Structure formats: C-alpha cells, structure tokens
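Chain residues, written in single-letter form:
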Amino acid sequence: MVLVDKKILGGGLAMIIVGIVLTVSVSSNMPAGQSGMTEEEIIDLMIAQQETQDYNTLSGILIGVGFLLVLISFGTRRRKGTAKKEEKKPAE
C-alpha cells in the first residue's frame, strides 16, 4: 500500500537536486575585487556580485519549492478503505 504520488515526489526531488547543483556552481564563481580598481571596474564587480546573490536566492527558492512538493507527495494518494461522507437529512 503506497501512499506517495511518485510523479510529484520525482518532480520535487529533481527540483531539489537542480537547486543544489545550481547553488554549488554559482557559489564557486563568486567574483572578487582587487586593489587599484577603477570606478567602472568597481561598478561591474558590484553588479556581478549582485547577480551571483540573485542566482543563489533563486536556487534557494527552487530547493524550497522542491521540498514542498516532496512533502505534498506524501498526502496526495487516497487510501482505498476510507469511509465516504454521507449527508443525512434531518428527521422530520
């Protein structure tokens, strides 16, 4: 008796894996400054650092949504033996 929806679980795990790989690859390429940079180089460095931070945020969101899908997959299958709700009319 399986209570897990395998499609949602697989999608959630895939999103988690892609998010972790993206986080590792983006974090390894963090731009760094050096002494004696011009104003234009400093601005380019700040833009590159902001882009890296934004990619890290997006990969974190991807990991979070994947984790939510994994959690949701455990509650999506219905048990076969559950009782059906029946509305009873009030006795007159």
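Let us look at the packing of helix α1 (residues 6–27) against helix α2 (residues 39–73). Axes are the key here: two packed helices are described by the angle between their axes and the distance separating the axes. One way to put it is that α1 packs onto α2 with a least axis distance of 7 Å and a crossing angle of 160°. In terms of their interaxial angle, α1 and α2 are classed as roughly antiparallel. Both α1 and α2 take part in a crossing whose hand is left-handed. Class assignment for the residues of the contact of α1 with α2 results in 16 nonpolar, nine polar and no charged.

A separate point is the side chain of S73. Note on placement: S73 falls in helix α2. For S73, a relative accessible area of 0% gives the class buried. Once you skip the residues sitting within four places of it in the chain, S73 turns out to touch L3, V4, D5, I8 and L9.

With that out of the way, let us pick up α1. Here α1 spans 31 Å end to end across 22 residues, near enough to the 32 Å set by a 1.5 Å rise per residue. Among the residues of α1, G12, I16, G19 and V26 are the ones counted as buried. Angular distribution of buried residues about the axis of α1 spans 110°; they occupy a single face of the element. Exposed and oriented more than 90 degrees from the buried face of α1 are K6, K7, I17, V21 and V24. Of the surrounding elements, those touching the buried residues of α1 are α2.

We now examine the environment of V65. When you line up the elements, V65 lands in helix α2. A residue is classified by how much of its surface remains accessible, and V65, at 37% relative accessible area, is partly exposed. Separated by 46 residues in the primary sequence, V65 and G19 place their C-alpha atoms 9.8 Å from one another.

In this section: the side chain of S59. Looking at the secondary structure, you find S59 in helix α2. In this structure the side chain of S59 is engaged in a polar contact, spanning 2.8 Å, whose partner is the side chain of T23. Not counting chain neighbours up to four residues away, the residues in contact with S59 comprise G19, L22 and T23.

Cut-offs and rules
By convention here, each chain's residues receive numbers from 1 onward along its written sequence. Thresholds applied to this predicted model are a pLDDT of at least 70 for local features of residues and 80 or more for the giving and counting of side-chain atom pairs; totals over whole chains, interfaces and linings are not thresholded and use all residues. As a rule here, side-chain values come from all non-hydrogen atoms in the structure, and water together with hydrogens is ignored. Geometry is summarised by axes, namely lines fitted to C-alpha atoms with helices restricted to the contacting stretch, and by angles between N-to-C directions that run from 0 to 180 degrees. By the criteria applied, helices consist of DSSP H or I runs no shorter than four residues and strands consist of E runs no shorter than two, each listed in order from the N terminus. Roughly parallel means an angle under 35 degrees; roughly antiparallel means over 145; roughly perpendicular covers 65 to 115; every other angle is labelled oblique. Working rule for handedness: look at the near helix, and if it is turned counterclockwise from the far one by less than a right angle, call the crossing left-handed; if clockwise, right-handed. Polar here means any residue outside two lists: the nonpolar Ala, Val, Leu, Ile, Met, Phe, Trp, Tyr, Cys and Pro, and the charged Asp, Glu, Lys and Arg; Gly therefore counts as polar. Exposure classes here rest on a 1.4 Å probe applied to the protein chains alone. A residue is buried below 20% of its type maximum, exposed above 50%, and partly exposed in between. Contacts are assigned to residue pairs with any non-hydrogen atoms lying within 4.5 Å of each other. In this analysis, the expected span of each helix is defined as 1.5 Å times one less than the number of residues it contains. To obtain the arc, one takes the directions from the helix axis to the C-beta atoms. Within 3.5 Å is the distance limit for a polar contact, defined as a pair of N or O atoms, with the added protein rule that one can donate a hydrogen and the other accept it, and that residues adjacent in sequence qualify only through two side-chain atoms.

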